[in-house]
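Listed here are the chains, written in short residue letters.
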Amino acid sequence: YLRFVRGVVDSHDMPLNISREMLQNNPTVAGIRKALAGRVLNELKAAADKQPDDYVGLWEAFGAVLKEGLYEEPERRDALLQLTRFRSTAGDGWRSLKDYAAALKVNQTAIFYLVGDNLDRLKASPQLEGFRARGVEVLLLTDAVDAFWVTTALGHDGKPFQSVSQGQADLDLIPLVAADASKPPIAVKPERAARIVAELKLALGDAVSEVRVSNRLTDSPACLVASASGPDRALGKMLERQAQAGRPSAGRPILEINAGHVLLEAVAAAADSGQPERAADLAWTILDQARIQDGEAPADPAAFASRLTRLLTT
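Let me sum up the structure you'll find in this document. (Residues numbered from 1 in each chain as written. Predicted model: local features only at pLDDT ≥ 70, side-chain atom pairs only at ≥ 80, totals over all residues. Heavy atoms only, no water.)

Our next topic: the overall build of the protein chain. Within the protein chain one finds 15 helices and eight strands. If you line up the protein chain on its principal axes, its C-alpha atoms span 85 × 50 × 30 Å. Looking at the 314 residues of the protein chain, the share that counts as buried comes to 40%. By sequence separation, contacts in the protein chain at least 24 residues apart represent 72% of the contacts at least 6 residues apart. Roughly 17,100 Å² of accessible area belongs to the protein chain as shown, and the carbon and sulfur atoms make up 53% of that amount. In the protein chain, which carries 37 positive and 41 negative side-chain charges, the distance between the mean positions of the two groups comes to 1 Å. (Helix = DSSP H or I, 4+ residues; strand = E, 2+ residues; numbered from the N terminus. Buried < 20%, exposed > 50% of the residue type's maximum accessible area, 1.4 Å probe, protein only. Contact = heavy atoms within 4.5 Å. Areas by Shrake-Rupley, 256 points an atom, 1.4 Å probe, with all protein chains shown as cover. Lys, Arg positive; Asp, Glu negative; His and termini not counted. Charge placed at Lys NZ, Arg CZ, Asp CG, Glu CD.)

Structure below.
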């Protein structure tokens, strides 16, 4: 992960009459490697502190490579995390974890992040709506290595890393920002929400592992999230692609719904009025819409087009 650094080491302690394989396992080489890595990281830290603008240029060129060390060398993770810079929902510039910590909201207990392969798509993700409504910053991670190092990093400065596309969003104790406090989420009676959930489960069957009411949505009707006990959505989709090559998949996603959204009320209304086919069409369209917003294609494009045509013409 420091392969972008070039230099020459002069040492009188290197044995010469041994094979390359033995040299790689030589304790002297290991000592040199450890000392050099520490020295390079110290120099990078000094550059980040004293010349932050110049360091941003270095990060843009080599940041994706440097982050490999977060996964490869756990013992240096704290030092490397001080060097990392991230895009986030706080603006267009680069943010350090120190910057993130300074912007923590009241009752915020984690460092939130979202992994994907396209920055613009991440910014438009419905999974961010509840966090934006509370002014909570979310790190936007788009490098291939990001899907891996976040699974092994315990946290930073006492705060764990938590994916916004995995598990429950613990946002209830974080107050809405002033701009959103005047338009709180539409209140839905528990029994009505349960009715909507039941109809979605009936229609979707095994296509999802669970349907539940979300507190991370404010505008979109639904989103897909991963179980708290498995990989997040980004890593899960990667495993899903590998499943085509015979490797185990990450399992079915969870469908989280905004029970106050007009589309979700339409599902229950169709069922109440004796239109189970329309209720099923709406349920599957909501699921496919969530897939599209998550950067996926509908599982069955032909069926999606047929359902959409029926809904638009009846």
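Take the environment of Ala193 next. As for its placement among the helices and strands, Ala193 is situated in helix α11 (residues 190-204). Between the C-alpha atom of Ala193 and that of Ile257, which follows or precedes it by 64 residues, the distance is 9.5 Å. The contacts of Ala193, once residues within four sequence positions are left out, are Val188, Val213 and Ala259.

Bringing the sheet that holds strand β8 (residues 254-257) into the picture now. With respect to topology, three strands assemble into an open sheet ordered β6-β8-β7, the strand pairing being mixed. Looking along the sheet, the strands with just one partner apiece sit at the ends: β6 (210-213) and β7 (222-225). Pairs of neighbouring strands in the sheet enclose a mean axial angle of 25°, with direction left out of account. Here β7 runs beside β8; their pairing, made up of four bridges, is antiparallel. Paired with Val225 across the strands is Ile254, a residue of β8. Those strands touched by helix α14 (residues 276-293) are β7 and β8, and its axis lies near 65° from that of β7. (Pairing = 2+ DSSP bridges. Axes fitted to C-alpha atoms, helices over the stretch in contact; angles between N-to-C directions.)

Across all of its chains, the model carries one cavity of 30 Å³ or more by this definition. Estimated volume of the largest cavity: approximately 50 Å³. Along the walls of the largest cavity sit Leu97, Tyr100, Ala101, Leu104, Ile111, His156, Asp157 and Lys159, which together make up its complete lining. Per-element tally for the lining of the largest cavity: the top contributor is helix α6 (residues 97-102), with three residues. Of the residues belonging to the lining of the largest cavity, the class tally is five nonpolar, one polar and two charged. (1 Å grid on protein atoms, 1.4 Å probe; cavity = no way out; pocket = protein on both sides within 12 Å on 5 of 7 lines; lining within 4 Å. Points joined across faces, edges and corners; volume = space filled by probe spheres on them. Nonpolar A, V, L, I, M, F, W, Y, C, P; charged D, E, K, R; others polar.)

On a regular strand, one side chain projects to one face of the sheet and the next to the other, so that they alternate. Residues of β8 alternate between two faces, with Ile254 and Glu256 on one and Leu255 and Ile257 on the opposite face, all of them buried. Bridging between β6 and β8 involves four bridges; their strand directions are parallel. Bridge assignment links Val211 to a residue of β8, and that residue is Leu255.

One can describe the packing of α11 onto helix α13 (residues 262-272) by two numbers: an axis separation of 9 Å at closest approach and a directional angle of 80°. Classified by the angle their axes make, α11 and α13 are roughly perpendicular. Residue-level inspection shows Arg192, Arg195, Ile196, Glu199 and Leu200 of α11 in contact with α13, the latter providing Leu264, Glu265, Val267, Ala268, Ala269, Ala271 and Asp272. For the contact of α11 with α13, a count of residues per class yields seven nonpolar, no polar and five charged. (Parallel < 35°, antiparallel > 145°, perpendicular 65-115°, else oblique.)

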